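Listed below, chain by chain, are the residues.
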Amino acid sequence: MSEQILLSADKVTKSFPLGNRKRHIAVNNVSLEMYRGETLALVGESGCGKSTLAKLLMRLTDADSGRVFFDGTDISALSGRALRPYRRKMQMVFQDPASSLNPRMNIRDIIAEPLEVWHICKSRKETDERVKELLDLVELKESYLSRFPHQFSGGQKQRIGIARALALNPDLLVCDESVSALDVSVQAQILNLLKRLKKDLGLSCLFISHDLSVVNFIADRVCVMRAGEICETGDVSAIYSSPTHDYTKYLLSSIPRTRGMGNQVDPGDGVMGS
Amino acid sequence: MKDTLLELKDLTVSVRQEKKEIPIVKGVDIVIPKGQIVGLVGESGCGKSMTARSIMGLLPPSAGVSGQILWHDTDGTVTDLTGLRENKLRKMCGPKIGMIFQEPMTSLNPMMRIGDQVAEVLLIHKLVKNRAEAAEKVIRLLGEVGISDPGLRYRSYPHELSGGMRQRVMIAMAVICEPDLLIADEPTTALDVTVEAQILKLIRRMCGSYHMSAIMITHNMGVVSEICDSVYVMYMGRIMERAAVSQLFERPLHPYTKGLLSSIPRIGANPEYLETIPGNIPELGKEAVGCDFCIRCSEDEHRCFFEHPQEEDAGEGHFVSCFSWKRGER
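In this text the structure is predicted, and so the values were computed from the model without any measurement. (Residues numbered from 1 in each chain as written. Chains lettered and ligands numbered in written order. Predicted model: local features only at pLDDT ≥ 70, side-chain atom pairs only at ≥ 80, totals over all residues. Heavy atoms only, no water.)

Some thoughts on the overall build of chain A
Counting secondary structure elements, chain A contains nine helices and 10 strands. What you see for chain A is a C-alpha radius of gyration of 19 Å, in line with the 19 Å of a compact globule of 274 residues. Projected onto its principal axes, the C-alpha positions of chain A cover 60 × 50 × 45 Å. The burial tally for chain A puts 52% of its 274 residues in the buried class. Of the contacts made within chain A by residues no fewer than 6 positions apart, 65% connect residues no fewer than 24 positions apart. Of the roughly 12600 Å² of accessible surface on chain A, 47% is carried by carbon and sulfur atoms. Charge-centre separation for chain A: the mean point of 36 positive side chains lies 5 Å from the mean point of 33 negative side chains. (Helix = DSSP H or I, 4+ residues; strand = E, 2+ residues; numbered from the N terminus. Rg over C-alpha atoms; globule rule 2.2 N^0.38 Å. Buried < 20%, exposed > 50% of the residue type's maximum accessible area, 1.4 Å probe, protein only. Contact = heavy atoms within 4.5 Å. Areas by Shrake-Rupley, 256 points an atom, 1.4 Å probe, with all protein chains shown as cover. Lys, Arg positive; Asp, Glu negative; His and termini not counted. Charge placed at Lys NZ, Arg CZ, Asp CG, Glu CD.)

Set out below in structure tokens:
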């Protein structure tokens, strides 16, 4: 893995108004670095700010304070037209495959849309070629091109979502809980696909998940988030074998384990405060 | 049998769609012993929820049920729930059978205080004399399921609670009449791991202290291993394998079960790629002549395509519906 920094955040903070003149701080003074070619996982409970952080990194929302660098450029200072080239380099795969595809568009149009918006291909024929190439990449058949999203299973829809995200050859793929809504056997297929794509295309991937065993399989490094702050960052093997932060230990002990897989730690009956 | 609570015999559920009868559950036999937690696992669309819902008569109007659902009452009488009139069945739901639904967000009434929602069950079934007595009981139970400050929370609305808290309210609602059977339909799927662990522990404790049996419907093998005593693996509306939990995890026999278990990413083992079950679940209504799993199976042989495997005894209470399970034994 090259040690070149692709994306970094410098003390970003984002808060949302709560109504009664208070603000909920979703991301609090977070700094992180992501290297080119690595898969970085963000883990934590729901509401801990992992999705907000991802949106800040992609500049889908603006931070209250702090800066975000993509490939050495401060993208938090850019706006409008200047930001557009960077949009192309960051693509996202969403959680719910059913609601992230337009039900009235067929598969060809869904995957071709980013290509057409960016005027990547010169002719319709070239676009079709590229779409077929993308379908092949995500292991879907060419004959599916004229079908509509409702004719596919959850796993296949997620493959279409991935093909669409890859259409523009992005540097960074952000997967926001992309496998959480899938069954285990389908989840395994999609995880294998993501791992293979990362290897073949040299993608960097920001993988957001609450499932620690999935993260263990796919990530190189892990950031554990809690209540808007990163409490531990490290290599996967280090985090799982010797977690240092209490919260990481607590998360790890909560995973239901199949028998014969390590000892049980009592997660306690209390509720973690936020 | 003396210590059986509920028995599903050759249960078949089919749904009418565009003038066609599509079988969802195809001749399922399940036995729920008293005081045990039975897991029902399978991928989405395999009919596990429909099986559970048929017990409480909560199927959509287009569904047809055949077979028997035998309820063994404490006084020794046996009732077939499929033949029961709706008003009789309603009297069972609540006092005898409680159910926890998957989404705590959508299964609570947003316009009603949570305490009143839980108390409603008691009042409808006339298990208490008045509202004050009901409230007292509800507050005690809310405390028991781990809701802090239950007296104050009694007056909260669902939107004021977190997902885990709402699921606790659902559990309180399901167990307040101290039912004999608790049906939990994916009770932790919408929750975080930490909350999941707490909820599972709570269900286990509730079953112990109220001497309940439970049916745990889930697609998560980890949940099964954590909480269940025995487990049924379902695929395309049929039971593929059934065994005690420790048996199933140590010695999975059916290729489908093996596939399910090996596709779970595990901490500690770091394979380059995960093992997967090839292909997808076939569409509903496309009936296979032979084994339902044969087209995705890695150990298929010629007859798998033409014959239905019968359930075979693999010893130690372990049953499997597969021709080649002996070959697959390691």
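Let's pick the thread back up.
Some thoughts on helix α10 (residues 255-262) of chain B
The buried fraction of α10 of chain B is high, at seven of eight residues. Regarding α10 of chain B, the residues found buried are Pro255, Tyr256, Thr257, Lys258, Gly259, Leu260 and Leu261 of chain B.

Describing the sheet that holds strand β8 (residues 204-209) of chain A
Residues and elements named next belong to chain A. In space, the six strands of this open sheet follow the order β6-β7-β8-β3-β9-β10, with mixed pairing throughout. Each edge of the sheet is formed by a strand with only one pairing partner; in this case those strands are β6 (90-93) and β10 (229-235). Neighbour-to-neighbour, the strand axes of this sheet turn through a mean angle of 20°, independent of strand direction. For strand β3 (residues 39-43) and β8, the ladder comprises five bridges, and the chain directions are parallel. Among the inter-strand pairings, Val43 is bridged to a residue of β8, identified as Ser209. (Pairing = 2+ DSSP bridges. Axes fitted to C-alpha atoms, helices over the stretch in contact; angles between N-to-C directions.)

Here's the deal with the interface of chain B and chain A
Across the contact, 43 residues belong to chain B and 40 residues belong to chain A. Summed over both partners, the interface of chain B with chain A buries about 3600 Å², with 53% contributed by carbon and sulfur atoms. Ranking the residues of chain B by area buried against chain A places Val193, Ile267 and Tyr273 of chain B at the top, with a combined share of 18%. Inspection of the region where chain B meets chain A yields one salt bridge. Lys199 of chain A is the salt-bridge partner of Glu272 of chain B, the closest N and O atoms lying 3.0 Å from each other. Sorting the residues of the side of chain B that touches chain A by element identifies α6 (163-175), α7 (193-209), α8 (221-227) and α9 (245-250) of chain B as the ones contributing at least two each. (Buried area = accessible area lost by both parts, 1.4 Å probe. Salt bridge = Lys/Arg side-chain N within 4 Å of Asp/Glu carboxyl O.)

With respect to the domain arrangement of chain B
Note: interface size is frequently given as the accessible area lost on complex formation between the parts. Partitioning chain B into domains gives domain 1 (106-178) and domain 2 (242-328). Between the C-alpha centres of domain 1 of chain B and domain 2 of chain B there is a distance of 42 Å. (Domains from an automatic or database assignment.)

Quick look at the sheet that holds strand β1 (residues 4-17) of chain B
Residues and elements named next belong to chain B. Strand order in the open sheet made by the four strands is β2-β1-β4-β5, with antiparallel pairing throughout. Across the chains shown, the open sheet's two edge strands, defined by having one partner strand only, are β2 (20-33) and β5 (78-80). Between one strand axis and the next, the sheet turns by 5° as a mean value, whatever way the strands run. Strand direction decides the pairing type here: β1 and β2, joined by 11 bridges, are antiparallel. When the sheet's bridge partners are listed, Arg16 is paired in β2 with Glu21. Most of the contacts of helix α1 (residues 48-56) go to β1, to which it runs at about 110°, and overall it touches β1, β2 and β4 (63-72).

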